[in-house]
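A structural walkthrough
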Amino acid sequence: TVSDWNARFITEEVMPIALEGLSITSSPRGHSAVGLSSGGIAGFNIAWYRNDIFGNAILGSPSFGNIRGGNIWPSVIRTTDEKKDLRTCFCVGKYDADIIFGDWILANRDIASALNYRNYDFRLIIDDMGHSMHFLKRMIPEALEWIYHGKEIEESDCEVVRPYELKMTP
């Protein structure tokens, strides 16, 4: 669900117990929300609504289709005036879901377009996978290298959509 409910649950109920006694960075840039499929959109929700804690989102085949209203994210991103300090790396496959709820490639391209419109730093990887856990092996290492060390993602066997300059027509 596109709301702060899961973000509040994770940050207010789970994290205090899970992190008890641990010394971790307080910088949101040091924290990534990660998820696959419905967990991917949940990870984005967490990073968006609790951007004071999570500065990064790493998402595999995120379900930005019309499941529980996930298709409204492009509009939410485009119409939110407050700019988040958020970096997003997400991966979708050429053979990903195309079902009654939407086309995952188109939905993720819409998210990339909205992030670009609002000047967010993002990378959308379009790989030869389907809706699977393949992203863990393929994308997580590259996403972590890009988010935490600035190493650019290679386009050797995939397409990478990056921020681009918007051209206004007269």
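Higher on the page you've got the structure.
Notes on the structure follow. Please read all numbers here as calculations on a predicted model, not as lab measurements. Note on numbering: residues in each chain are counted from 1, in written sequence order. Totals for whole chains, interfaces and linings use every residue, but because this is a predicted model, local features are given only for residues with pLDDT of at least 70 and side-chain atom pairs only at 80 or more, for both listing and counting. Note that the side-chain values use all heavy atoms of the structure and ignore hydrogens as well as water.

Examining helix α6 (residues 140-149)
- Within the span of α6, buried status applies to I140, E142, A143, W146 and I147. Buried residues of α6 fall within an arc of 165 degrees about the axis and therefore sit on the same side. Using a 1.4 Å probe on the protein chains alone, a residue whose accessible area is under 20% of its type maximum counts as buried, one over 50% counts as exposed, and one in between counts as partly exposed. Here a helix means four or more residues in a row that DSSP labels H or I, a strand means two or more in a row labelled E, and each is numbered from the N terminus. To be clear, the arc concerns the directions from the helix axis to the C-beta atoms.

Notes on the sheet that holds strand β3 (residues 87-95)
- We treat two strands as partners when DSSP finds at least two bridges between them. One open sheet accounts for 5 strands, arranged β1-β2-β3-β6-β7; its pairing is mixed. The open sheet terminates on both sides in strands that have one partner only, identified here as β1 (32-36) and β7 (159-161). Each adjacent strand pair in this sheet contributes to an overall mean axis angle of 15 degrees, direction not counted.
- Of the pairings in the sheet, the one linking β3 to strand β6 (residues 121-130) comprises 8 bridges and is parallel in character. By the bridge assignment for β6, C91 is matched with I125.
- We call two residues in contact when some of their heavy atoms are within 4.5 Å. Simply put, an axis is a line fit to the C-alpha atoms, just over the touching stretch for a helix, and the angle between two N-to-C directions goes from 0 to 180 degrees. Where helix α2 (residues 38-49) meets the sheet, its contacts fall on β1, β2 (56-60) and β3, and the angle it forms with β1 comes to roughly 160 degrees.

Considerations on the packing of aromatic side chains
- Aromatic pairing here means that ring centres of Phe, Tyr or Trp (its six-membered ring) are within 6.5 Å. Orientation follows from the plane angle: under 30 degrees is stacked, over 60 is edge-to-face, and everything else is tilted. Taken as a whole and assessed by the stated rule, the structure comprises 7 aromatic pairs.
- Their ring planes at 50 degrees and their centres at 6.0 Å tell us that W48 and Y120 sit as a pair that is tilted. With W48 in helix α2 and Y120 in the loop between α4 (104-117) and β6, the pair connects residues that are 72 residues apart, well separated along the chain.
- Since its relative accessible area comes to 3%, W48 is described here as buried.
- Considering the side-chain rings of Y49 and W73, the 5.9 Å spacing of their centres and the 55 degrees angle between planes classify their relative orientation as tilted. Residue Y49 is found in helix α2, and its partner W73 is found in helix α3 (residues 73-79); the two are separated by 24 residues along the sequence.
- You can call W73 buried: its relative accessible area is 0%.
- Among the aromatic side chains, those forming a connected cluster through ring pairs are F44, W48, Y49, F64, W73 and Y120.
- Comment: the charge-over-ring label is applied if NZ (Lys) or CZ (Arg) is within 6 Å of the ring centre and within 35 degrees of the ring normal. Here the basic side chain of K84 rests over the ring of W48, its NZ or CZ set 5.0 Å away from the ring centre.

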